[in-house]
Structure formats: structure tokens, C-alpha cells
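# Geometric and topological summary
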Amino acid sequence: MPLKRLSVTAVRNLHPVTIYPSPHINLIYGDNGSGKTSLLEAIHILGLARSFRSTRLQPVIQHEHDACTVFGELLLNNGVQTTMGITRSKAADYQIRIDGQTVRSTAQLADTLPLQLINPDSFRLLEGAPKQRRQYLDWGVFHVEHQFLSTWQRLQKSLKQRNSLLRRGRIERSQLAPWEAELVSSSERIDLYRRAYIAKLKPVFEDVLAQLVSLEDLTLSYYRGWDKERDLQLVLDSQFERDCQLGHTQAGPQRADLRLRIKGMNAAEVLSRGQQKLVVCALKIAQGYLLKERGRQQDCIFLVDDLPSELDEHHRKALCALLEGLNCQVFITGVEAEQLARSWQKETLLTMFHVEHGHIVQTESCLE
Ligand SMILES: Nc1ncnc2c1ncn2[C@@H]1O[C@H](COP(=O)(O)OP(=O)(O)OP(=O)(O)O)[C@@H](O)[C@H]1O
């Protein structure tokens with residue numbers, strides 16, 4: 001489901017702008033500091049109500065403005081048009097509207113506009129904390145399993161209640177029982193959804209990775225957050241004293257992780273930065289394929305910031321060929337128009353946008 005129209009107001013240095021992107025490959029080029037990443041950031045805000053560069057939205061809102069707005073018009077796979085818009089103010093409140101109706105949850109935004117971001121920080125998916133890999137995994141599960149969100153909310157609630165009782169100290173084991181029952185049942189369900197998703201993801205990931213880079217020894221496995229041989233209830237029982245001392249629950253899906261290893265070692269400690277980026281690209285493109293397979297109303301939109309960074313020409317071309325093969329909408333940035341354009345096949349239809357001091361204009365292809 002591509003973005004047909006995008007209007008942005010008061011995001012970083014961008015002047016109020018409306019663009020009509022192509023449903024396929026959109027190249028965004030311009031000098032350093034011109035506003036390319038800000039355009040991707042605006043699309044990210046539209047899909048997730050937050051930036052990927054800053055945890056707070058205040059720095060994103062243009063100096064001397066109180067709020068920023070991003071509005072998009074989308075074309076669903078069934079031909080129906082839909083609109084979505086978000087306004088975020090410096091006071092931290094936001095207004096979301098989908099098809100003119102006010103919407104309270106950001107999950108609805110994410111559901112309407114599935115996004116995948118590939119940027120120079122992407123290697124953190126391998127190197128960073130398990131939380132990032134859980135978020136990656138749950139993005140996929142959320143988009144294919146309708147029950148995931150409500151089950152995840154049940155899990156969060158029961159976990160919070162159990163942890164707050166643990167922190168109270170001197171509690172009876174029985175006081176935890178109702179919350180533990182809820183915790184165990186939602187945890188088992190989340191584990192089931194995640195395992196089913198990984199089983200589908202793994203072969204697609206391996207196939208995509210093989211097209212990008214030769215890393216035959218790389219393995220992807222899933223750790224569910226507690227001993228795979230034991231029921232969660234038994235694990236909670238056995239760790240009760242320790243949980244009381246620590247004031248939180250040590251075992252459960254909140255500790256799950258994806259493990260990427262090479263010859264038994266953590267891939268992040270073995271691979272070069274460029275190889276890490278390629279592995280992350282393969283993980284994200286694999287999710288794009290899975291979403292497409294589901295035949296949903298929405299395909300994934302790929303935001304690729306600073307394509308040339310860390311990738312040589314051969315790998316850039318391989319990545320672009322895969323993105324093109326996905327047949328999704330892609331927004332991809334770089335400083336040099338020609339370098340960006342040469343990463344694609346000659347016959348690929350490219351739509352180009354030049355960003356200059358926050359102004360964006362569509363331009364002719366720079367290639368003969
Ligand atoms: N809140 C803000 N208000 C106004 N301008 C801002 C704000 N935050 C950042 N800027 C400016 O916006 C500009 C655009 O930054 P952006 O990161 O989008 O550039 P870019 O084209 O991606 O650059 P690069 O090629 O260096 O990555 C920068 O000049 C930055 O100083």
C-alpha cells in the first residue's frame with residue numbers, strides 16, 4: 001500500500017511540503033543537512049508517532065513552532081483510498097486521525113502504515129540489547145497475528161502487577177497466584193505466536209541473506225525467555241526467592257531474544273560493520289516478504305537512510321535488487337543523485353526528489 005501523497009509541516013528544517021511519491025522507488029538526494037533524513041523521519045512519525053533519531057519529539061519540531069504535522073494519503077491494495085494524519089505538539093500530546101476519525105492508539109497507525117527502517121544505526125539490531133531484537137520480532141508478529149496486541153497487553157499488565165507485589169516485600173506466594181495465572185497463559189500464547197513467526201521467517205531470511213552476502217555459517221535461533229524444557233509456572237516457582245530479592249520477574253517472554261551466531265559466537269562480535277548491516281537488511285527484507293505473503297491490505301514501506309554508508313557498490317546493487325524484487329514502496333536517501341541511481345538496474349523506474357535547504361522538488365532522472 002503506497003503513500004500517494006505526503007504533506008509535512010514543521011518537521012526539522014523542512015518547509016511546508018507536499019510530495020507525490022511513486023509507488024515504487026523514490027530517491028531522495030541533496031547535500032548534507034538539506035533535510036533528506038527529516039523527510040524519512042516525517043514518514044516514520046506518520047507510521048509510529050515517534051522519530052527514529054530522538055526519543056523526544058521536541059527536537060524534531062521546527063524551532064519557533066509549537067507542533068509538527070504529517071499527513072498522508074494511501075492507496076490500499078484493494079484500490080480503496082485512506083488518509084491518515086498526526087499532529088504532535090511540544091507539550092507532548094498528539095492527535096491522530098485516520099479517515100477523518102480521531103484515533104487513540106498508535107497501534108492503529110502502525111497497522112495502517114507498516115514501515116521498515118534501514119539506516120546507519122541498523123547494526124544495533126545485532127549489537128544492541130535484546131529489547132531491540134524483541135521489537136523487531138514483535139513487529140512481524142503484530143502484523144500477521146491479530147491476537148498478538150491484546151495478548152501482549154495482558155502480559156504487560158500481569159507482569160506489572162506481579163513486579164509491583166514483589167517489590168512490596170514480605171508477600172505470600174498465594175497473593176501472586178491470580179496474576180501468575182494470567183502471566184503464564186499470556187506468556188505461553190506470546191511464545192506460540194513468536195515461534196510460529198520465526199518458523200516462517202527463518203527460511204525467507206536465509207534465502208534473502210544468501211542473495212546479499214555469503215555467510216553460510218550464520219544461524220538464527222530464538223530464545224523464548226525461559227528454559228525450553230520447563231513450564232513457566234515451574235520456573236516462576238523455583239525463582240520466587242530471587243525475584244523477591246530483585247523486585248522483578250526474571251523469566252518470561254519479556255526476556256526473549258533472537259540469537260544470531262557464527263560458529264557458536266555472537267555474530268555482532270565477529271562480523272564487520274558492513275556485514276552486520278547486510279544481515280540486518282536481510283532480516284528486514286525477509287519481514288517485508290512475509291507481510292506481502294499474507295496478502296494484507298498493506299505492504300511494507302521501506303525507509304533507507306544513507307544507502308551508501310558502509311556498503312560497497314556490489315552489495316548496494318544486491319540490496320537494491322532485493323528491494324526492487326519486493327515490489328514495495330521505497331524511500332531511499334543519499335548525497336549524490338548519480339551514485340544513488342546507479343545502484344539500480346538500468347530499466348528500473350526511479351522517481352527522484354532533490355532536497356535543498358528544506359525545500360523538496362521532484363526532478364528528472366539524472367541518468368542517460
Ligand atoms: N528542530 C529543528 N528546527 C529546524 N531545523 C532543524 C531542527 N532540527 C534539525 N534541524 C536542521 O535540519 C537540517 C536537516 O537535517 P537532516 O538530518 O534531515 O539532513 P540530511 O539531508 O539528512 O543530512 P546528512 O546528509 O548530513 O545526513 C539540518 O541542517 C539540521 O541542523
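Residues numbered from 1 in each chain as written. Predicted model: local features only at pLDDT ≥ 70, side-chain atom pairs only at ≥ 80, totals over all residues.

## A short note on the overall build of the protein chain
Note the threshold: Here a strand is any run of E in DSSP of at least two residues, a helix any run of H or I of at least four, and the numbering for each starts at the N terminus. With C-alpha atoms as the basis for the radius of gyration, the globule rule is written as 2.2 Å multiplied by the number of residues raised to the power 0.38. Three classes are used. A residue is buried when 20 or more other C-beta atoms lie within 10 Å of its own, exposed when 12 or fewer do, and partly exposed in between, with C-beta atoms placed from the backbone. A residue pair is marked as a contact if its C-beta atoms, positioned from the backbone, fall within 7 Å.
When helices and strands are tallied, the protein chain shows 12 helices and 15 strands. A compact globule built from 368 residues would reach a C-alpha radius of gyration of about 21 Å, and the protein chain, at 22 Å, matches this within 12%. The principal-axis extents of the C-alpha atoms in the protein chain amount to approximately 75 × 50 × 40 Å. Expressed as a percentage of its 368 residues, the buried residues of the protein chain come to 38%. Within the protein chain, contacts between residues separated by at least 24 positions form 72% of all contacts whose residues are at least 6 apart in sequence.

## Some remarks on the confidence of the model for the protein chain
Short version of the rule: pLDDT is defined as a per-residue confidence score from the predictor, taking values between 0 and 100.
For the protein chain, per-residue confidence averages 93 on the pLDDT scale, and 98% of positions sit at 70 or higher. Predicted as a complex, the structure gets a pTM of 0.95 and an ipTM equal to 0.99.

## Re the sheet that holds strand S4 (residues 67–75)
For clarity, the cut-off: If DSSP finds at least two bridges between two strands, the strands pair. Axes here refer to lines fitted to C-alpha atoms; in helices the fit is confined to the stretch in contact. Angles between the N-to-C directions go from 0 to 180 degrees.
If you trace the six strands from one edge of the open sheet to the other, you get S2-S1-S4-S5-S6-S7, paired in antiparallel fashion. Only two strands of the sheet have a single neighbouring strand rather than two, namely strand S2 (17–19) and strand S7 (101–103). Across the sheet, the mean angle separating the axes of adjacent strands is 15° when strand polarity is ignored.

## A short note on the environment of Glu241
Tracing the backbone shows Glu241 in helix H8 (residues 240–246). Spatially, the C-alpha atoms of Glu241 and Leu166 are 9.6 Å apart, while their sequence positions differ by 75 residues.

## Description of the sheet that holds strand S3 (residues 25–29)
Read across the sheet, six strands follow the order S8-S12-S13-S3-S14-S15 without closing on themselves; strand pairing throughout is mixed. With partners counted over all chains shown, the strands left at the sheet margins are strand S8 (115–118) and strand S15 (359–363), one partner each. The mean inter-strand angle of the sheet, taken between neighbouring strand axes irrespective of direction, is 20°. Bridge analysis of strand S12 (residues 301–304) against strand S13 (residues 329–334) gives four bridges, and the strand direction is parallel. Bridge pairing in S13 places Val304 opposite Ile332.

## Brief notes about the site of the ligand
Note the following rule: Placing the C-beta atom from the backbone, one calls a residue near a molecule or strand if that atom lies within 6 Å of it. Basically, the charged four are Asp, Glu, Lys and Arg, the nonpolar ten are Ala, Val, Leu, Ile, Met, Phe, Trp, Tyr, Cys and Pro, and anything else, Gly included, counts as polar.
In the neighbourhood of the ligand, 16 residues make up the surrounding shell, with Asn13, Asn32, Gly33, Thr37 and Ser38 lying closest. With three residues, helix H1 (residues 36–48) is the largest single contributor of residues to the shell around the ligand. Among the residues making up the shell around the ligand, the classes are represented as four nonpolar, 10 polar and two charged.

## Some details on the domain arrangement of the protein chain
We apply this condition: Each domain span listed reflects an automatic or database assignment of domains.
Each assigned domain of the protein chain is listed here: domain 1 (1–114 + 299–368) and domain 2 (123–297). Counting from both sides, the interface comprises 18 residues of domain 1 and, opposite them, 17 residues of domain 2. For the side of domain 1 that touches domain 2, the element with the highest residue contribution is helix H11 (residues 313–326), accounting for six residues. Classifying every residue of the side of domain 1 that touches domain 2 by side-chain character gives 13 nonpolar, three polar and two charged.

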